[in-house]
Amino acid sequence: MKPAITYELLHECKQTGARRGVIHTPHGDIQTPVFMPVGTQATVKSMTPEELKEVNAQIILSNTYHLFLRPGHDLVKEAGGLHQFMNWDRPILTDSGGFQVFSLGQLRKISEEGVEFQSHLDGSKKFLSPEKAMEVENALGADIMMAFDECCPYPSTYEYTKKSMERTTRWAKRCKDAHKRQEEQGLFGIIQGGFYKDLREKSAEDLISLDFPGYAIGGISVGEPKEKFLEVLNYTTPLMPKDKPRYLMGVGTPDYLIEAAIAGIDMCDCVLPTRIARHGTALTSQGKIVVRNATYERDFTKLDPECDCYTCKNYTRAYIRHLVKTNEILGIRLLSIHNIKFLTNLMDKVRIEIENDNLGNFKNDFYRKYGYIK
RNA sequence: GGGUAGGUGGUCGAGUGGUUAAUGGCACCAGACUGUAAAUCUGGCCGCGAGAGCGUACGAUGGUUCGAAUCCAUCCCUGCCCA
């Protein structure tokens, strides 16, 4: 059987060890390291698929939990699958609903069988299990599916994290057994274990024995300090197979993306660029700017002098501020376009610098300019 | 000219004798946001002060009262109705 997802390593940065590669999927190749915009409800909020292509999105995310609730996976299947439903012909990755176990807080109850959610839409009770998540993800038909896991909050005790991680591993096995379309969709396992090294090692070891076509690190970037994040990232990534994609879930900010690449990560996703866009903030080569602020009222320059996106080619900070202040949809759209392009441009540079064995220098330059180093 | 309803902080609008520097909404000023319960949330928003605090303030002036945005008198202004 030919696996749906394969990884090809092209080069390793001699300066940092970062990987430059390609992920082959049923909907085309993905150049890595890659940043994946998030489109929870079968749409990257405010952006058309054409615009996503224009900002160089190679692959986008969508969410099992949300589409399960509405419009329902049966409907998406009837539409011909998620690709056809939303008119996106490049790769898609679906998250399993595992993150909602974390983010819905009081609205869920976890058992060995699965998770009972109280729908955030109408309060009705819904149930997701590894089997149900696979049924939904199979119906959605994404190129990459994530196993159903539990993302532990930070901080969590060793005992709780251990139990949770072991259950996530059992769930991963059940996911694998329930996954019906292995030739069309690759199922990734998610390494958990919180902020405990031995638990991460155990999780990685057990999941690797299940032989998934790719692996993710889950449960970091959940509010911990950056040192903690880096610590877990740097001891967990080397545990992951070299011949398969490595995905760091839920990251992130420009510095985290660079750190992830250096650690040997191939894929990252984050809601940040689109969320802060809706809240009036732009990522720029000189740091983030809250363009909604009064300072930009009469600033007739572009968001980022170094950016080549549609927004920066055509509009000023003053105009975008005006749109944001007046609640005009276009402000959100222009900022979303810019922020995603900023991150895909960043990853373009990261890939080039890996090929040039120069990612370490690039990181230092970037940090200085962005303002991470004063 | 007569009658009537009103004049509150940037704005709209509560409050009708004391815990009122004065509820709310909006506007404004900031901050947060990392596998999206998020076009959301949090804080600030009379002046001076780091702060305790001090000073001004509910159309104007005068009065009643221990105490007034709230009661009384006169005046000014606005809406509506009648002539």
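Structure first, text after, so check above.
The shown structure was predicted, so the numbers you read here are calculated from the model rather than taken from an experiment.

Here is what the cut-offs are and how they apply
- Residues numbered from 1 in each chain as written.
- Chains lettered and ligands numbered in written order.
- Predicted model: local features only at pLDDT ≥ 70, side-chain atom pairs only at ≥ 80, totals over all residues.
- Heavy atoms only, no water.
- Buried < 20%, exposed > 50% of the residue type's maximum accessible area, 1.4 Å probe, protein only.
- Helix = DSSP H or I, 4+ residues; strand = E, 2+ residues; numbered from the N terminus.
- Pairing = 2+ DSSP bridges.
- Core = buried A, V, L, I, M, F, W, Y, C linked by side-chain atoms within 4.5 Å.
- Contact = heavy atoms within 4.5 Å.
- Axes fitted to C-alpha atoms, helices over the stretch in contact; angles between N-to-C directions.

Draft legend 1. The arrangement of the pairing of strand S2 (residues 19–25) in detail. Along S2, six of the seven residues are buried, which leaves the element largely enclosed by surrounding structure. Connecting the antiparallel pair strand S1 (residues 6–12) and S2 is a turn made up of six residues, with glycine 17 showing a positive phi of about 90 degrees. Pairing geometry for S2 and strand S3 (residues 28–32), over five bridges, is antiparallel. Paired with threonine 25 across the bridge in S3 is glycine 28.

Draft legend 2. Inspection of the nonpolar core at higher detail. Counting residues in each nonpolar core, the largest one holds 81 residues, and the members touching the most others are Leu233, Leu248 and Leu359. Dropping the residues within four chain positions of it, leucine 359 is found in contact with Cys13, Gln15, Thr16, Ala18, Ala261, Ile262, Val350, Glu353 and Ile354. Ranked by size, the runner-up nonpolar core spans 19 residues in total, among them Ile23, Ile59, Met146 and Ala216.

Draft legend 3. View of the pairing of S1. Direction of pairing for S1 relative to S2: antiparallel, over a ladder of six bridges. Pairing of tyrosine 7 across the sheet is with isoleucine 23, part of S2.

Draft legend 4. The sheet that holds strand S9 (residues 125–128), seen in detail. Strand order in the open sheet made by the three strands is S7-S8-S9, with antiparallel pairing throughout. Strands with a single pairing partner mark the edges of an open sheet, and in this sheet they are strand S7 (108–110) and S9. Taking each pair of neighbouring strands and ignoring which way they run, the sheet shows an average axis angle of 20 degrees. As paired elements, S7 and strand S8 (residues 115–118) share three bridges and run antiparallel to each other. Bridged to arginine 108 within S8 is phenylalanine 117.

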